[in-house]
Amino acid sequence: MKIANLLNIAWRAISRNKMRTFLTMLGIIIGVAAVIAMIAIGEGSKQSIESQIKTMGSNMIMVRPTSNVEGGVRIDNSSVQSLDEADIVALKKNPQYINAISPVVSMKGQVINGTYNWSTTIQGVTPDFLFIRSWKLKEGVAFTNQDVKAAAKVCLVGLTVVSNLFPDGGDITGKSIRFKNIPFKIIGVLSKKGDNSFGQDQDDIILTPVTTVQKRILATTYYQNIYASAIDEKSTSNASSEVEKVLRKSHRLKETDENDFTVRTQTELVNMLTSTSSILTILLTVIAGISLVVGGIGIMNIMYVSVTERTKEIGLRMAIGARGLDILIQFLIEAILISITGGIIGVVIGISATKLVTYFMNWPTLISFSSIYISFLVCFVTGVFFGYYPALKASKLDPIEALRFE
């Protein structure tokens, strides 16, 4: 019997009981829609994490002092003093994979402009910091190395600080603000960065020469962090190893001594966050995939019912020349049609649900065409796997016994 005829027969058979067929498809529809939506949300979150981290500087390397345990009391990282000017000098001496270095010290506090005030973070850095963070200026100019040497009271402000201290707008370069009763002259405004991967507002910041914060605010000679930049993304791992080697030598650590600092790269951060996102995506996809199994069981159940209801019809077809293989293929086609049709509806609902999530909840999503292909493949396999046994049962019916069936 021709496949076209078998398709026609199968379509008419499943069309006789539209509601029953739809309820059979429901598990497949829900499963496919959920899988597509979960994968889209997972892929979207991974892409969002990667893009946000790249805005921080894709080649960036971060060095922080390591917290130790003394007398059973854990010392906070901010209190550890293991990074100083000698480390910066050592890192800048004939670097192979490093092209920019900036020490960092910071402090939270109240910044004031007339009657307006705002709680923010002031961060002491060097001019290389803007290059390392791939941060441009919206207006004004950056401070110079000469400003760092002079511990100049100049600053660059983020857009969040600007909106809270200067709500009336206008050009703010040249104006003064106060932090800890110390006046700072605004010489530039930083371009928009937005929230980072941890939900922190990167624009809620004031940048000023590192020596200004050290001498005028914190009264310290140590650094809380060191930021560096590799010559390119491919060299990030080598640059990280170079930083570790130089700092171990600078701190006079023996081979058996542990580092009194930690070195982290953006690549490590991306891998950590995306791996967490991937695990959650896989978990949610597996849970959603259970619906496909439930849907497949529903198909098997309904095909067994269909074989029982149409036993006489099967006997009649065999009596006029239909082979067991023809009957097997006919019922397999019916199962596959139910599964594939449910899959198509599920894909449409899944894509629509993804668009609605993006529109109403503002979540980043990315519809993967591979997930659509895989969904159709799974639907086909589900139809074949769960439809085979009922179809096999139908093909092995004895024609005479089938014709006598009531």
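Here's a quick rundown of the structure. (Residues numbered from 1 in each chain as written. Predicted model: local features only at pLDDT ≥ 70, side-chain atom pairs only at ≥ 80, totals over all residues. Heavy atoms only, no water.)

**Details of the nonpolar core**
Alright, step 1. Counting 55 residues, the largest nonpolar core has V63, F143, V157, I177, F184, I206 and L207 as its most contacted members.
Alright, step 2. Excluding its chain neighbours within four sequence positions, the residues that come into contact with I206 are V111, T120, T121, I122, Q123, C155, L156, V157, V161 and I177.
Alright, step 3. In terms of nonpolar packing, the next biggest core, distinct from the first, is built from 28 residues, V32, I36, V307 and I372 among them. (Core = buried A, V, L, I, M, F, W, Y, C linked by side-chain atoms within 4.5 Å. Buried < 20%, exposed > 50% of the residue type's maximum accessible area, 1.4 Å probe, protein only. Contact = heavy atoms within 4.5 Å.)

**A short note on the environment of L137**
Alright, step 1. The residue L137 is located in strand β6 (residues 137–140) in this model.
Alright, step 2. With relative accessibility at 26%, the residue L137 sits in the partly exposed group.
Alright, step 3. Residues L137 and S191 lie 54 residues apart in sequence; the distance between their C-alpha atoms is 5.1 Å.
Alright, step 4. Here L137 is in contact with L130, A142, L156, V189, L190 and S191, once residues within four sequence places are set aside. (Helix = DSSP H or I, 4+ residues; strand = E, 2+ residues; numbered from the N terminus.)

**Describing the pattern of salt bridges**
Alright, step 1. Evaluated as defined, the whole model comprises 1 salt bridge.
Alright, step 2. Here D203 makes a salt bridge to K192, at a shortest N to O gap of 4.0 Å. Remark: K192 occurs in the loop between β9 (182–190) and β10 (205–209) and D203 occurs in the loop between β9 and β10; sequence separation between them is 11 residues. (Salt bridge = Lys/Arg side-chain N within 4 Å of Asp/Glu carboxyl O.)

**Concerning the packing of aromatic side chains**
Alright, step 1. Tallied over the full model, the rule gives 4 aromatic pairs.
Alright, step 2. Considering the side-chain rings of F385 and F386, the 5.0 Å spacing of their centres and the 85° angle between planes classify their relative orientation as edge-to-face.
Alright, step 3. Judged by centre distance (5.6 Å) and plane angle (80°), the ring pair of Y388 and Y389 falls under edge-to-face.
Alright, step 4. Judged by its relative accessible area of 34%, Y388 is partly exposed. (Phe/Tyr/Trp six-rings, centres within 6.5 Å; stacked < 30°, edge-to-face > 60°.)

**Section: helix α12 (residues 369–395)**
Alright, step 1. For α12, with 27 residues, the first-to-last C-alpha span of 37 Å sits near the 39 Å given by 1.5 Å per residue.
Alright, step 2. The largest bend in α12 amounts to roughly 45° and is located at Y388, with the proline P390 lying one to four residues further along.
Alright, step 3. Of the positions making up α12, those classed as buried are S371, I372, S375, C379, T382, G383, F386, G387, P390, A391, A394 and S395. (Expected span 1.5 Å × (residues − 1). Bend = angle between axes of the 7 residues up to and from the residue.)

**A few points about the side chain of S235**
Alright, step 1. The topology assignment puts S235 in the loop between β11 (225–230) and α8 (236–250).
Alright, step 2. Overall, the relative accessible area of 8% leaves S235 in the buried class.
Alright, step 3. A polar side-chain atom of S235 sits 2.8 Å from a polar atom in the side chain of D232.
Alright, step 4. Not counting the four nearest positions on each side in its chain, S235 is found in contact with Y97 and A230. (Polar contact = N/O pair within 3.5 Å; in protein donor to acceptor, adjacent residues only side chain to side chain.)

**Some details on a nonpolar patch on the surface**
Alright, step 1. Together, Y304, L377, F380, V381, F385, Y388 and Y389 line one region of the surface with nonpolar side chains, adding up to about 680 Å² of accessible area.
Alright, step 2. At 6 residues, α12 tops the list of elements feeding residues into the nonpolar patch.
Alright, step 3. Here Y388 shows up in helix α12. (Patch = residues over 30% accessible without salt bridge, like charges linked within 9 Å, V, L, I, M, F, W, Y side chains within 5 Å. Areas by Shrake-Rupley, 256 points an atom, 1.4 Å probe, with all protein chains shown as cover.)

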